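Take a look at the letters that make up each chain.
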Amino acid sequence: MITNPVIEAIFAAFRLEITNPFTLTQQTLVITFPDQSHAVIRAPQVTPASLSNNDTPAFTAIKHPHTYHYRHRHDYGQPHNELLTLHNTEECRAYLDDICHNLLNATVRDCEITFPNGARYLLTVEI
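Novice: Please explain the packing of aromatic side chains as it appears in this structure.
Specialist: What describes a pair of aromatic rings is the distance from one ring centre to the other and the angle between the planes of the rings. Scanning the model with the defined rule gives 4 aromatic pairs in all. With a centroid separation of 5.4 Å and 85° between ring planes, the pair formed by Phe 14 and Phe 22 is classed as edge-to-face. In this structure Phe 22 comes out as partly exposed when scored by relative accessible area, which is 23%. With a centroid separation of 5.7 Å and an interplanar angle of 85°, the aromatic rings of Phe 115 and Tyr 121 are classed as edge-to-face. Overall, Tyr 121 belongs to the buried group, its relative accessible area being 3%.

Put into structure tokens, the structure is as follows:
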């Protein structure tokens, strides 16, 4: 069970929209690009939220079932079964930014994601 709401949302979006192979752990998602290089996506909680020790952060309310890029491609007549392929870390970062702004019920600023309950996560991509 994933307990990190940011990684959970990223995983859900990747499963729906991305063709690249990827693996999931409790706190990371590792994506493989076509050239066989990898990127490690992390979203650690950076400050204690105003939650008791028994509470877990609420799962994010999804604003749209797909990202802007996915919806935009289909608005221009591309086949609905065609998924996205990320080719490098720049495309991966752009896609993650899309996920954070379109799928998460949170404020996003400088890779810091703040949920309404006060929980904060720092989104990072390492190569």
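Novice: Can you help me understand the state of the cysteines in this one?
Specialist: The bond known as a disulfide is covalent and runs between the sulfur atoms of two cysteines. Counted according to the given criterion, the structure contains 0 disulfides. Looking at Cys 100, it has no disulfide partner, and the nearest cysteine sulfur is the one in Cys 111, 7.9 Å off. Look at Cys 100 and you get buried, because its relative accessible area is 3%.

Novice: I'm lost on unusual backbone geometry in this one. Help?
Specialist: The bulk of non-glycine residues show a negative phi, and the bulk of peptide bonds are trans. In this structure, Gln 36 is a non-glycine residue whose phi angle is positive, near 75°. Its place among the elements puts Gln 36 in the loop between strand E2 (28-32) and strand E3 (38-42). Positioned with a positive phi, Cys 111 is a non-glycine residue whose angle comes to about 65°.

Novice: Please explain the pairing of E3 as it appears in this structure.
Specialist: For a regular strand, side-chain orientation follows a simple rule: the groups alternate between the two sheet faces. Burial along E3 is one-sided: the face carrying Ala 39 and Ile 41 is buried and the face carrying His 38, Val 40 and Arg 42 is not. A loop of 5 residues connects E2 with E3, the two strands running antiparallel in sequence, and Gln 36 in this loop sits at a positive phi of about 75°. Note: E3 against strand E8 (residues 124-126), 3 bridges, orientation antiparallel. In the strand pairing of E8, Arg 42 is matched with Thr 124.

Novice: What is the right way to look at the sheet that holds E3 in this model?
Specialist: By way of backbone hydrogen bonds, the strands of a sheet pair with one another, either parallel or antiparallel. Spatially, 4 strands are ordered E1-E2-E3-E8 in an open sheet, and the strand pairing comes out antiparallel. A strand with exactly one partner marks an edge of an open sheet, and here the two such strands are strand E1 (22-24) and E8. Here the average twist between neighbouring strands, direction ignored, is 20°. Sheet strands in contact with helix H3 (residues 89-102) are E2, E3 and E8, and its direction is about 25° off that of E3.

Novice: Hey, could you run me through H3 in this one?
Specialist: Along an α-helix, a turn takes 3.6 residues, which lines up residues three or four apart on a common side. For H3, with 14 residues, the first-to-last C-alpha span of 20 Å sits near the 20 Å given by 1.5 Å per residue. Every buried residue belonging to H3 is among Thr 89, Cys 92, Tyr 95, Leu 96, Asp 98, Ile 99, Cys 100 and Asn 102, and all of these are buried. With a side-chain oxygen positioned 3.2 Å from the backbone nitrogen of Glu 90, the residue opening H3 is Asn 88.

Novice: Would you mind showing me how to read the pattern of salt bridges here?
Specialist: Close approach of charged atoms allows side chains of opposite charge to pair. Tallied over the full model, the rule gives 1 salt bridge. Note that Glu 126 is salt-bridged to Arg 42, the shortest N-O span being 3.2 Å. One end of the pair, Glu 126, is in strand E8; the other, Arg 42, is in strand E3, and 84 residues separate them in sequence.

Reading the values: the criteria
Residues numbered from 1 in each chain as written. Predicted model: local features only at pLDDT ≥ 70, side-chain atom pairs only at ≥ 80, totals over all residues. Heavy atoms only, no water. Phe/Tyr/Trp six-rings, centres within 6.5 Å; stacked < 30°, edge-to-face > 60°. Buried < 20%, exposed > 50% of the residue type's maximum accessible area, 1.4 Å probe, protein only. Disulfide = S-S within 2.5 Å. Helix = DSSP H or I, 4+ residues; strand = E, 2+ residues; numbered from the N terminus. Pairing = 2+ DSSP bridges. Axes fitted to C-alpha atoms, helices over the stretch in contact; angles between N-to-C directions. Contact = heavy atoms within 4.5 Å. Expected span 1.5 Å × (residues − 1). Polar contact = N/O pair within 3.5 Å; in protein donor to acceptor, adjacent residues only side chain to side chain. Salt bridge = Lys/Arg side-chain N within 4 Å of Asp/Glu carboxyl O.

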